[in-house]
Amino acid sequence: PFLVNCLSLTSNTSAKSDLWLPANPGTEGALILAIARYLIDHKKYNRTYVEKWVNWEQYLEAMRPDLPRTFDAFEEALQQEYELFTPEYAESETGVPAAQILEAAEAVAQAGTAFSTHSWRAAAAGHLWGWQITRCLYLLVVLMGAIGEPGGVNLHVTNKFVPKHPNPPPPPDYWNELLFPKEFPLAFFEMSFLLPHFLKEGRGRLDT
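Residues numbered from 1 in each chain as written. Predicted model: local features only at pLDDT ≥ 70, side-chain atom pairs only at ≥ 80, totals over all residues. Heavy atoms only, no water.

Here we look at the overall build of the protein
A tally of regular secondary structure across the protein gives ten helices and two strands. Start at the N end of the protein and walk to the C end: the helices and strands fall as β-α-β-α-α-α-α-α-α-α-α-α. For the protein, with 208 residues in total, the buried portion stands at 34%. The long-range share in the protein, meaning contacts at least 24 apart out of those at least 6 apart in sequence, stands at 56%. Carbon together with sulfur atoms contributes 58% to the accessible area of the protein, which is approximately 13900 Å² in total. (Helix = DSSP H or I, 4+ residues; strand = E, 2+ residues; numbered from the N terminus. Buried < 20%, exposed > 50% of the residue type's maximum accessible area, 1.4 Å probe, protein only. Contact = heavy atoms within 4.5 Å. Areas by Shrake-Rupley, 256 points an atom, 1.4 Å probe, with all protein chains shown as cover.)

A short note on the packing of aromatic side chains
What describes a pair of aromatic rings is the distance from one ring centre to the other and the angle between the planes of the rings. The tally for this structure, following the rule as stated, stands at seven aromatic pairs. For the pair Y49 and W53, a centre-to-centre distance of 6.5 Å together with 40 degrees between the ring planes defines the contact as tilted. Taken together, the positions of Y49 and W53, both in helix α3 (residues 47-53) and four residues apart, correspond to about one turn of that helix. Judged by relative accessible area, which is 57%, W53 ranks as exposed. Aromatic side chains F71 and F74 sit 5.5 Å apart centroid to centroid with 50 degrees between the ring planes, which places their arrangement in the tilted category. (Phe/Tyr/Trp six-rings, centres within 6.5 Å; stacked < 30°, edge-to-face > 60°.)

Examining the environment of A124
By secondary structure assignment, the location of A124 is in helix α8 (residues 121-126). Taking the C-alpha atoms as reference points, A124 and T134, separated by ten residues in sequence, lie 6.8 Å from one another. Not counting residues within four places of it along the chain, the set of residues in contact with A124 comprises S119, G130, W131 and T134.

Comments concerning unusual backbone geometry
Of note in this structure, K43 is not a glycine but carries a positive phi near 50 degrees. For K43, the location among the structural elements is in the loop between α2 (28-41) and α3.

Focus: the packing of helix α4 (residues 56-63) against helix α5 (residues 71-81)
Between α4 and α5, whose axes approach to 10 Å, the crossing angle comes to 60 degrees. Like other packed secondary-structure pairs, α4 and α5 cross with a definite hand, here left-handed. From α4, W56, Y59 and L60 reach across to α5, where they touch F71, A73, F74, A77 and E81. Here the residues of the contact of α4 with α5 are counted per class, giving seven nonpolar, no polar and one charged. (Axes fitted to C-alpha atoms, helices over the stretch in contact; angles between N-to-C directions. Left-handed = near helix turned anticlockwise from the far one by under 90°. Nonpolar A, V, L, I, M, F, W, Y, C, P; charged D, E, K, R; others polar.)

Here we look at the packing of α2 against helix α7 (residues 98-111)
The description of two helices packed together rests on the angle between their axes and the distance between the axes. Axis separation between α2 and α7 bottoms out at 9 Å; the angle between their running directions is 55 degrees. Compared by their axis directions, α2 and α7 come out oblique. For the crossing formed where α2 meets α7, the hand is right-handed. Between α2, through L31, A34, I35, Y38 and L39, and α7, the contact on the second element is made entirely by I101, L102, A104, A105, E106, V108 and A109. A class-by-class count of the residues in the contact of α2 with α7 yields eleven nonpolar, no polar and one charged. (Parallel < 35°, antiparallel > 145°, perpendicular 65-115°, else oblique.)

Right, dumping it as structure tokens:
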């Protein structure tokens, strides 16, 4: 296995990584889409999987009606969609050298359907647009067809396991409208991805 880590901070995983890509916080999307562009441009993605499972015909109909309804045209549209995200552009955004980004892209290509990834949800929720970065990351999973395959990413219902913490903190004894805002009468739990937006609106402050 080849371990790539994109955390900006040192961590247990970054310390054990074969390749550490310490991107500036919030810029990881540029790095990941540069990898996606590399896979598409060099035809190193799982074309068979994408053609079968991605709704590329609907994409062409909605976004590129000027192109014929063929997968070759979809591939051309993807190349145009991500043409901005060169390794050099990603380097300017993230601070990670272009050569390292290309090395990571080749590692993803070589992994094939055994490509596996993880996005720490606290980091995704803690940054403005953090969940968009997670969506970019899982685009790589789809491009490689690494879903439900040995070494790849399982569906969330496949083997869900939540270990019990040996020393859990006590629950809060007051309602926090920054974490549980009034805006979600039809939703429940895990609403903290809105927190950066609320702080930007001036609804409250964080004390650390």
